[in-house]
Amino acid sequence: MRSDRGQRAPLGLKVAAACGLLFLHLPILLIFVYAFTTEEKSFVWPPPGLTTQWFAVTWNRPDVWEALSLSVRVAAISTAIALVLGTLCAAAVSQTRFFGREAISLLVILPIALPGIITGIALRSAFALADIPFSFWTIVLGHATFCVVVVYNNAVARFRRTSGSMIEASMDLGADGFQTFRHVVLPNIATALLAGGMLAFALSFDEVIVTTFTAGQQQTVPIWMLEELIRPRQRPVTNVVAMVVVLVTLLPILFAYYLTRDGDQIAGSGK
Amino acid sequence: MTSAVSFKKVSRHFGSVRAVDAVDLEIAAGEFFAMLGPSGSGKTTCLRLIAGFEQPTAGSISIFGERAEGVPPYRRNVNTVFQDYALFPHLNVLDNVAYGLMVKGVGKAERLKAAEEALSLVRLPGYGTRRPGQLSGGQRQRVALARALVNQPKVLLLDEPLGALDLKLRENMQEELKSLQKVLGITFVFVTHDQGEALSMADRVAVFNDGRIMQVGTPEDIYQRPNTRFVADFVGSSNVLPPDFVQRYSGQHRWGSLRPESIRVSNATSGDGVAARLVGTNYLGATTRLALDADGLRLHAVVPAGTSLPAEGEAVMLTFNRDSLHLMDEPA
C-alpha cells in the first residue's frame, strides 16, 4: 500500500481535481449549449429545444462581421507594433547599460500594472487635449500600450538566458549587425516572440475597458457582446459568436504552446 | 618583418579605471604568445582590443601592419575562441563551424566541406549533426576552435580556453593546441591566469599587472630572471628577498629572487649558510615543499621526494648557489 503512494493519488484528491476542472470549464460548455437553444429572449435551463438556425442568423448579421473584422485588425496591428517596439526595448535593456535603464524598464511594465480604467481615462483625455478624433488608430494605440509589455517581458527573459558572447562570437566570425540579428538573435528569441505575440493578440482581442475609452462609436467583438446582452433580441447569436471566438483563439494558442515547449528545450540545452 | 600585432602606447580606460594603461607590445608572426596575469590585470581587455570588441582610449593598434582602430570585429582577419565557447545553440555542430563562411557568402557545399575538414583537424570528424548541447565541455571547446580556424585567421585569440576543463583534459588540450599551432603556423594569442599553462605552451609570455605589462620574455626568462617582485611572486612563487638580505650575499643593495628548488636544506646547526627553522611541510608527490622561517623572513624550498627531512620546528641550515640568486631591476 505504501509503495503505491508515490504513484497514485488518493481518490479524494482525484475527485477534488475533477471538480475544480469542471468548475472552470462547465460554464464554457453551457455557453456552447445555449448557442443551440430555440428560446431567443432569455437563457432557460434546460433548453426547450435544439436548433442550428442561429448559425445562419449570425452569418447574415453584418454587425457581427464588422465587429469581428475590427477586432482582428486592431489585434493584428497592435501585436505587430508591440513585436517591434517590445523586442527593441528588451534588447536595449538587457544587452547594454545606460543612464535611466532601470527607469525605462519600469515605465514599460507600468501600463499592465496600472488598472485599465486609468490607462483608458488618460488616453481619452490625451486624445481630447490633442484634438484627435476617435478612429481605428486610437484603439490600436490604446491596445499597443499593454501589448508591448507582454512582448517585452517574454523577450527580456529570453535575452537574459542568451549568452552575450554569442553576439560577439557572430561579429567575430564576420557577421555585421544585421546578419547577427538575422542568423543568431532572431532564431534564439523567435519562440519567445511568438508566445509573446500570441498572448498580446489574445489580450487585445478581449480587451474591454481601454477600448471603451478609445473606440468612440466603433464596436470590437467584446464591446458588441456587452451591447448584445442588454438587448433581448436573438440572444443565442452572442453564444454562436462566443463559440467561434473560443475555437479560433484556442488553435493558435495550442500551436504557440507546442512551439515554445520545443524552443525551451533547445535553449536550455545550449551553452 | 611586420609584427602580427603591435600596440603603441595603448590605453583603455573605463571611467576612472585604467584597464589597460599605455601598453607597448609586439607579437611576432607565427608566435605562440601568452598574456599572463591575475584577474583584472588587463590581459582580457588587451585581447578584446585585438578582436575589436573594445576600442582604445589612446594609442594605436595595428594587425599585420594595418591600423585597427575603428575597424569593427567583423572586418578583422582575427578570430576568437571564447571562454564560454559561445556556440550557437540553435545550429548543429557543422553549421556552427560553417557560420563564418556562411555570412561571407560561401556556397553551401563548399562551406560544409570546409567545416567538415576543420572538425577533422580538431579530431571531431562526424560530429557535425549533433547539437552543441549534446557535447561534453572538451568537445565544445574543440568545436569552438574549429569554428574559429575554418576562417583561416591571421591571428587566433584564445580567452582562457582551458579554464572550464578538468586537469587531465586540460593537459591533453595544451599539447594539442601547441602542435596545432606548429602545423598551422598561425599566430596564437592566449590569455590565462595559470602560470604553468603559460610557461608550458607559449613561445613568449607577457606578465600583466594593473593594466601594465611587467615583463615580456621567453618562459625561461620569466621564470629564471623575473625583473620585479610581482613577476617573481606570481610566476611560480619564487622567494622574494629584501635588499638587505641580498647585500650580504651579492654585495648589491637590490631586491632579489631565489627559486624554491635552488635552496638546499641540511640538518647542520653550524657552518656556512642561513640559519632557519622548519615551520611546515607540504607533500606534493614528486617533491616536498618546505616552509621556512629565517629570522622573520618566510622562505619556501622544494626538495625531491625521499630526502630525509628534519622534524617541524627544528633548526636547519639553508645553502644555495650564489649564481642562482637573481637580482631584480626593481629599485630597492
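In this text the structure is predicted, and so the values were computed from the model without any measurement.

Conventions and cut-offs
Residues numbered from 1 in each chain as written. Chains lettered and ligands numbered in written order. Predicted model: local features only at pLDDT ≥ 70, side-chain atom pairs only at ≥ 80, totals over all residues. Domains from an automatic or database assignment. Contact = placed C-beta atoms within 7 Å. Nonpolar A, V, L, I, M, F, W, Y, C, P; charged D, E, K, R; others polar. Buried ≥ 20, exposed ≤ 12 C-beta atoms within 10 Å, placed from the backbone. Helix = DSSP H or I, 4+ residues; strand = E, 2+ residues; numbered from the N terminus. Pairing = 2+ DSSP bridges. Axes fitted to C-alpha atoms, helices over the stretch in contact; angles between N-to-C directions.

Draft legend 1. Representation of the domain arrangement of chain A in the model. Residues and elements named next belong to chain A. Here chain A is described as being made up of domain 1 (2-34) and domain 2 (56-269). With centres defined by C-alpha atoms, the gap from domain 1 to domain 2 works out at 32 Å. Opposite the four residues of domain 1 that make contact, domain 2 presents five residues. Per-class residue counts for the side of domain 1 that touches domain 2 are four nonpolar, no polar and no charged.

Draft legend 2. View of helix H2 (residues 93-103) of chain B. In terms of burial, H2 of chain B is largely enclosed, as ten of its eleven residues are buried. Of all the residues in H2 of chain B, the buried ones are Val93, Leu94, Asn96, Val97, Ala98, Tyr99, Gly100, Leu101, Met102 and Val103 of chain B. Looking at the buried positions of H2 of chain B, the neighbouring elements they touch are helix H8 (177-205) of chain A together with helix H3 (108-121) and helix H4 (137-149) of chain B. Downstream of H2 of chain B by a residue or two, Gly105 of chain B has a phi angle that is positive, lying close to 85 degrees.

Draft legend 3. Molecular detail of the domain arrangement of chain B. Residues and elements named next belong to chain B. In terms of domain boundaries, chain B breaks down into domain 1 (5-229) and domain 2 (237-327). Contact with domain 1, which involves four residues of that partner, is made by five residues of domain 2. Grouping the constituent residues of the side of domain 1 that touches domain 2 by class yields one nonpolar, one polar and two charged.

Draft legend 4. Spotlight on the sheet that holds strand S18 (residues 326-327) of chain B. All names here are of chain B. Sheet architecture is open: three strands sit in the order S11-S12-S18, paired in antiparallel fashion. Whereas interior strands pair on both sides, the edge strands pair on one side only; in this sheet they are strand S11 (239-241) and S18. With three bridges connecting them, S11 and strand S12 (residues 256-258) associate as antiparallel partners. Across the sheet, Val240 pairs through a bridge with Ser257, a residue of S12.

Draft legend 5. Geometry of the interface of chain B and chain A. With 21 residues of chain B in contact, the opposing surface of chain A contributes 21 residues. Here the side of chain B that touches chain A takes three residues from H2 of chain B, the largest share from any one element. Split into classes, the residues belonging to the side of chain B that touches chain A amount to eleven nonpolar, six polar and four charged.

Draft legend 6. Quick look at the sheet that holds strand S16 (residues 297-304) of chain B. Residue and element names in this part refer to chain B. Across the sheet, five strands lie side by side as S13-S17-S14-S15-S16; this open sheet has antiparallel pairing. A single partner strand is all that each edge strand has here, and the edge strands are strand S13 (263-266) and S16. Here the average twist between neighbouring strands, direction ignored, is 45 degrees.

Draft legend 7. Up close: the pairing of strand S15 (residues 287-294) of chain B. Residues and elements named next belong to chain B. The sheet contact formed by strand S14 (residues 274-283) and S15 spans six bridges and is antiparallel. Counted as the bridge partner of Leu278 is Leu292 from S15. Pairing analysis gives eight bridges linking S15 to S16, with the strands arranged antiparallel. Bridging across to S16, Asp293 finds its partner in Arg298. In textbook terms, the turn of a hairpin is the stretch between consecutive antiparallel strands, and for S15 and S16 this stretch comprises two residues, one of which, Asp295, has a positive phi near 55 degrees.

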